Amino acid sequence: KYKGVEVSVMGSGMGIPSIGIYSYELYKFYGVENIIRFGTAGSFKSEIDLFDIVLVEHAYSKSTYAREAFGFTEDVMDPSAELNEVLAATAEKLGKKYWKGYIQSSDNFYSDYTIEREPVKYDLLCAEMESFGLFANARNLGKKAACILTISDSIVNKTETTPEQRQTAFVDMMEIALDTAINL
């Protein structure tokens with residue numbers, strides 16, 4: 001329970017295929033209408049610091065997930081505008097600052113490849129690994145999805161949070177997501 005209201009919180013695994021299975025089944029077979037993903041991301045901008053919050057407005061990916069599953073050919077999947085508006089309003093009500101914009105949903109975590117090696121037409125704030133697949137499922141099934149992230153490391157500043165911080169210090173995004181969930 002969160003503030004006396006029952007909420008469901010579960011791990012989705014790591015990566016687009018994993019969240020793709022979980023979210024599809026929750027939407028299709030269990031009647032779930034809204035999924036808010038919250039997790040960590042690596043910053044692509046020197047001005048976006050560790051512990052900063054990012055509200056995903058667009059998820060760019062080179063993943064073939066959306067095309068293979070549903071025939072969607074776009075390289076960007078969007079969250080539910082309505083759900084994002086509620087997340088933004090909740091963040092503002094709680095006095096939590098956040099960035100918003102394009103993020104990258106990557107298919108790999110460890111890589112020698114960097115975003116700088118291939119220019120992208122979008123101004124990417126950070127990288128994570130799930131939003132693109134979640135948003136594709138929501139789009140296909142007529143459901144709502146959104147994503148809010150905490151910066152756990154900076155790819156450009158070469159900084160990262162400690163394992164202890166990752167376990168205890170990412171409370172702001174959780175509070176925003178949970179307050180949003182109980183007010184939907």
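Further up the page is the structure itself.
The notes below deal with the structure included here. (Residues numbered from 1 in each chain as written. Predicted model: local features only at pLDDT ≥ 70, side-chain atom pairs only at ≥ 80, totals over all residues. Heavy atoms only, no water.)

Inspection of every chain in the model, using the stated rule, returns 0 disulfides. Free cysteine cysteine 126: the closest other cysteine sulfur is in cysteine 147, separated by 8.2 Å. Overall, the relative accessible area of 0% leaves cysteine 147 in the buried class. (Disulfide = S-S within 2.5 Å. Buried < 20%, exposed > 50% of the residue type's maximum accessible area, 1.4 Å probe, protein only.)

The geometry of an aromatic ring pair comes down to the distance between the two centres and the angle between the two planes. By the definition in use, this model includes 6 aromatic pairs. When the centroid spacing of 5.4 Å and the interplanar angle of 50° are considered together, the rings of tyrosine 60 and tyrosine 122 count as tilted. A residue pair is termed long-range when its members are at least 10 positions apart, and tyrosine 60 in strand β2 (residues 53-60) and tyrosine 122 in the loop between β4 (99-105) and β5 (124-128) qualify at 62 residues. Like tyrosine 60, the residue tyrosine 122 is buried in the burial classification. When the ring of phenylalanine 70 is compared with that of phenylalanine 72, the centres are 5.6 Å apart and the planes differ by 45°; the resulting orientation is tilted. The aromatic ring of phenylalanine 72 is capped on one face by arginine 139, whose charged end is 3.6 Å from the ring centroid. (Phe/Tyr/Trp six-rings, centres within 6.5 Å; stacked < 30°, edge-to-face > 60°. Helix = DSSP H or I, 4+ residues; strand = E, 2+ residues; numbered from the N terminus. Lys NZ or Arg CZ within 6 Å of the ring centre and 35° of its normal.)

Taking burial as the measure, the 5 residues of β5 include 5 buried ones, the bulk of the element. Relative to β5, strand β1 (residues 34-43) runs antiparallel, the two being bridged by 2 bridges. Each bridged residue has a counterpart across the sheet, and for glycine 42 the counterpart in β5 is alanine 127. The pairing of β4 with β5 spans 3 bridges and is parallel. Each residue of the ladder has a partner; that of tyrosine 102, found in β5, is leucine 124. (Pairing = 2+ DSSP bridges.)

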